[in-house]
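What follows is each chain in one-letter form.
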Amino acid sequence: MTVEHAASAVAEAGVAPRRGWGGRVMGSYEAAIYAALLLVVAAVSIATPRFLSPDNLFEVARNFSFIAAAGVGEAIVIIAGGGGIDLSVGSVMGLGGVVATKLLGMNLGLLPAVGLGVAAGWACGAVNGLLVTKAKMTPLIPTLGMLSIAHGLALVITQGYPLSSLGPAGPAFIALGAGYVGPVPNPVVYMALVVGAGWAVLTHTPFGYDLYAVGGNDEASHLSGIHVTRVRLAAYMISGALAALTGILLAARLSVGDATTGQGEELNVIAAAVIGGVSLLGGQGSVLGLFAGAALIGVLLNAMVLTGVPAFWQEVVIGSTIIVAVLLDRLRIRLARD
Amino acid sequence: MTAAVVEMRAIEKHFGAVHALRGVDLDLLPGEVLGLVGDNAAGKSTLMKVLSGAIPPDGGQILFRGAPVRFASPAEARARGIEMVYQDFALCNNLDIAQNIFLGRWPVRGGVLVDRRAMQRAAEAMLERLRIDVPSVTVQVRHLSGGRRQSVAIARALSFNPAVLILDEPTANLSPGATHEVLSLVADLKQHGVGVILISHRLQEVFAIGDRVAVLKQGRHVATRRVRDATEDEILELIVTGGRAAATNPARRPDAGGGPESPVGD
Ligand SMILES: Nc1ncnc2c1ncn2[C@@H]1O[C@H](COP(=O)(O)OP(=O)(O)OP(=O)(O)O)[C@@H](O)[C@H]1O
Ligand SMILES: [Mg+2]
């Protein structure tokens, strides 16, 4: 007994730290994705030197800033677990932009128009969240429904025509999307703020800790007194509100409210999260990883444009990237189990 | 005789057609280790989940320090000092040891930010006091052995300073060494005045650290014995037969408390 005891103590003492080290390597998936990003950037700049020009780099950043910003909300939903995913972010982006531009056209001020646009997205998120947590629906279904509903509502508001008369606050609104802070385009500044805030919330606040706990084991979280449904509901609300705010900025950048803006963007957003290491099983991943995933997609899209790959192929590439990322996710899970 | 900390009276529970608990009585004395044994599906886990607030009973009464209580959630039982470590540990594999110990009770600094350092220091102090040794409280629990995981789960329960700790088969799936560690941890709790209910299929461990042992069979409480007055064979017999012989006999044994088969309590 004592011999066995000693032997097992030695075995455990020996094994645990080594696995801990392995765990840290798995945890540094973010480092791997940043390395991959650097590799792709290097390859693309060798293939097309134009890629590295500051103008082009800011253009790339501006384009993926919308993916990254909406991706923060998507990552929060996925991390909260329970099969969480938000398929409606693209349509909600469109709806947010349409609501805000419609209200601007009705001579509302900038802040109320933007605020109500965000509120519309928040409401979509609340419906998603309630259907998932209270009606216990598989997240795929209500958010797929919401994809259609939000797009439909945006079409009802625009009647199919782009909204380009933006009232007295129009110029300020357009400046929001087209302006710069120093050399940095506003959307990139917006992305930096959202990513920074998302990182801080997830890694330093009780809500962020609750989110990872709920995603890791909802039963254990519930028994410890965490309000699992409240946390998940909040995740969908954040995703909806953030998607709408991002869509409003996109509308400002395009100077027009259009129901089709953001269509299909959910694919890029989900791909960014998954490539960035946000596991579809929940409880794993980070905002910094998501940011790298969004950057990787942005660079790939830009590289395809620069090298003259036809636009239709771009969707094929993004779709394949998602599938590869999910396969990698499965592989990581299997490795982590060993 | 010391007053019981917890008295469960005529507890009833149905799961659809399954009558899981059929009027079960159970007492826990302060600072004692009470073994709770019985065959698979006897209702042990269900009875303890009723006590921990995880399952609402259909009938019966719970007295805590003599006063009737009703637990609608684990939080309400916790507020009275009743903690349960569930059969499957209920840990978050994706979180580290410190985070698992402080699950949902993250120490907060300045009202908004989680104080990670304070949490880790408190977790280290907690584990040291219990003499649970882990490489570092920042290791994810998924990388720990079964025994360490169980110890972390117990440490979390103890961090609430409970008066009553319920352990559901804490040594199932543990190596002999890890089993020994967990059992000596539980035996130490007695010195802190914590009452322990230990669900187990291993009679040796109930006899090694238990004071009394209660037997359930098919949702009924069939007997409670003082460990020092009973034998493993006798308890085994009670588990298997439900002690029909024993149950009809006590009337003919006036020397309660002395004889090897004497019921205790009531
Ligand atoms: N949530 C539930 N839903 C339906 N039936 C349940 C549920 N929990 C327990 N039961 C049933 O209640 C009965 C008692 O189960 P319980 O888990 O309490 O037994 P146990 O004594 O803990 O058994 P074991 O030794 O196998 O852990 C069993 O028939 C079980 O199938
Ligand atoms: Mg059980």
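What counts and how
- Residues numbered from 1 in each chain as written.
- Chains lettered and ligands numbered in written order.
- Predicted model: local features only at pLDDT ≥ 70, side-chain atom pairs only at ≥ 80, totals over all residues.
- Heavy atoms only, no water.
- Helix = DSSP H or I, 4+ residues; strand = E, 2+ residues; numbered from the N terminus.
- Rg over C-alpha atoms; globule rule 2.2 N^0.38 Å.
- Buried < 20%, exposed > 50% of the residue type's maximum accessible area, 1.4 Å probe, protein only.
- Near = heavy atom within 4 Å.
- Polar contact = N/O pair within 3.5 Å; in protein donor to acceptor, adjacent residues only side chain to side chain.
- Areas by Shrake-Rupley, 256 points an atom, 1.4 Å probe, with all protein chains shown as cover.
- Nonpolar A, V, L, I, M, F, W, Y, C, P; charged D, E, K, R; others polar.
- Core = buried A, V, L, I, M, F, W, Y, C linked by side-chain atoms within 4.5 Å.
- Contact = heavy atoms within 4.5 Å.
- Buried area = accessible area lost by both parts, 1.4 Å probe.
- Salt bridge = Lys/Arg side-chain N within 4 Å of Asp/Glu carboxyl O.
- 1 Å grid on protein atoms, 1.4 Å probe; cavity = no way out; pocket = protein on both sides within 12 Å on 5 of 7 lines; lining within 4 Å.
- Points joined across faces, edges and corners; volume = space filled by probe spheres on them.
- Phe/Tyr/Trp six-rings, centres within 6.5 Å; stacked < 30°, edge-to-face > 60°.
- Lys NZ or Arg CZ within 6 Å of the ring centre and 35° of its normal.
- Pairing = 2+ DSSP bridges.
- Expected span 1.5 Å × (residues − 1).
- Arc of directions from axis to C-beta.

Visitor: How would you summarise the overall build of chain B if you had to cite specific residues and measurements?
Guide: The secondary structure content of chain B amounts to nine helices and 12 strands. In summary, chain B has a C-alpha radius of gyration of 19 Å against a globular reference of 18 Å for 266 residues, a match within 12%. Taking the principal axes of the C-alpha coordinates as reference, chain B spans close to 65 × 40 × 35 Å. The proportion of buried residues among the 266 residues of chain B is 56%.

Visitor: An account of the site of ligand 1 is requested, with residue identities and associated values reported.
Guide: Residues and elements named next belong to chain B. By nearness alone, 14 residues border ligand 1, and Asn40, Lys44, Ser45, Thr46 and His201 come closest of all. In this structure, an oxygen atom belonging to ligand 1 sits 3.5 Å away from a side-chain N or O atom of Gln87. Relative to its unbound accessible area of 630 Å², ligand 1 is 62% covered by the protein chains. Tallied by class, residues from the shell around ligand 1 come to five nonpolar, six polar and three charged.

Visitor: Help me get a handle on the nonpolar core, residues and values and all.
Guide: The biggest cluster of nonpolar side chains holds 164 residues, and the ones touching the most others in it are Met8, Leu47, Met48 and Ile97 of chain B. Here this core gets 14 residues from one element, more than from any other, and that element is helix H3 (residues 54–79) of chain A. Once residues within four sequence positions are removed from consideration, Ile97 of chain B is found in contact with Leu127, Val134, Ser136, Val137, Val139, Val141, Leu144 and Val152 of chain B.

Visitor: Please set out the interface of chain B and chain A residue by residue, giving values where relevant.
Guide: Each partner contributes to the interface: chain B provides 32 residues, whereas chain A provides 28 residues. Among the residues of chain B in contact with chain A, Asn94, Trp106 and His143 of chain B are the three that bury the most area, contributing 21% of the side total. At the boundary of chain B and chain A, one finds zero salt bridges. Linking chain B with chain A are six residue pairs in polar contact (both at pLDDT 80 or more), by the criterion used here. Looking at the side of chain B that touches chain A, the elements with two or more residues in it are helix H2 (74–79), strand S8 (113–114), helix H4 (116–129), helix H5 (146–158) and helix H6 (176–189) of chain B. Sorting elements by how many residues they give to the side of chain B that touches chain A places H6 of chain B first, with five residues.

Visitor: Any chance you could break down the layout of surface pockets for me, citing the residues and the numbers?
Guide: Residues and elements named next belong to chain A. Estimated volume of the second largest pocket: approximately 660 Å³. Residue lining of the second largest pocket: 24 residues in total, with Ile67, Glu265, Asn268, Leu301 and Gln314 positioned closest to the centre. Going through the elements one at a time, H3, helix H11 (228–254), helix H12 (265–275), helix H13 (287–306) and helix H14 (311–337) are the ones with two or more residues in the lining of the second largest pocket. Among the residues making up the lining of the second largest pocket, the classes are represented as 13 nonpolar, seven polar and four charged.

Visitor: Go over the packing of aromatic side chains, please, and point to the residues and values.
Guide: Within the structure shown, the criterion is met by two aromatic pairs over all chains. For the pair Tyr209 of chain A and Trp106 of chain B, a centre-to-centre distance of 5.1 Å together with 55 degrees between the ring planes defines the contact as tilted. Here the residue Tyr209 of chain A occupies a position in helix H9 (residues 206–216), and Trp106 of chain B occupies one in the loop between helix H3 (97–101) and strand S7 (108–109), the pair thus bridging two chains. Grouping residues by exposure puts Tyr209 of chain A and Trp106 of chain B together as buried. Against the face of Phe160 of chain B rests Arg78 of chain B, its NZ or CZ located 4.1 Å from the ring centre.

Visitor: Account for the pairing of strand S4 (residues 59–64) of chain B, with residues named and values stated.
Guide: Residue and element names in this part refer to chain B. Alignment of strand S1 (residues 6–15) against S4, held across five bridges, turns out to be antiparallel. Directly across from Glu7, in S4, lies its bridge partner Leu63. For S4 and strand S5 (residues 67–69), the ladder comprises three bridges, and the chain directions are antiparallel. What sits directly across from Phe64, in S5, is Ala67. Connecting S4 to the antiparallel partner S5 that follows it, the hairpin turn spans two residues, and Arg65 within it adopts a positive phi of roughly 45 degrees.

Visitor: Describe helix H6 (residues 140–158) of chain A, and please don't skip the residues or the numbers.
Guide: Residue and element names in this part refer to chain A. Taking 1.5 Å per residue as the helical rise, H6 with its 19 residues ought to reach 27 Å, and the 27 Å between its terminal C-alpha atoms agrees with that figure. When we look at burial in H6, the residues that qualify are Pro142, Thr143, Met146, Ala150, His151, Ala154 and Thr158. Down the axis of H6, the smallest arc covering the buried residues is 165 degrees, so these residues share one side. For H6, the exposed residues lying more than 90 degrees away from the buried face are Ile141 and Val156. Residues of H6 that are buried make contact with helix H4 (89–105), helix H5 (110–133) and H11.

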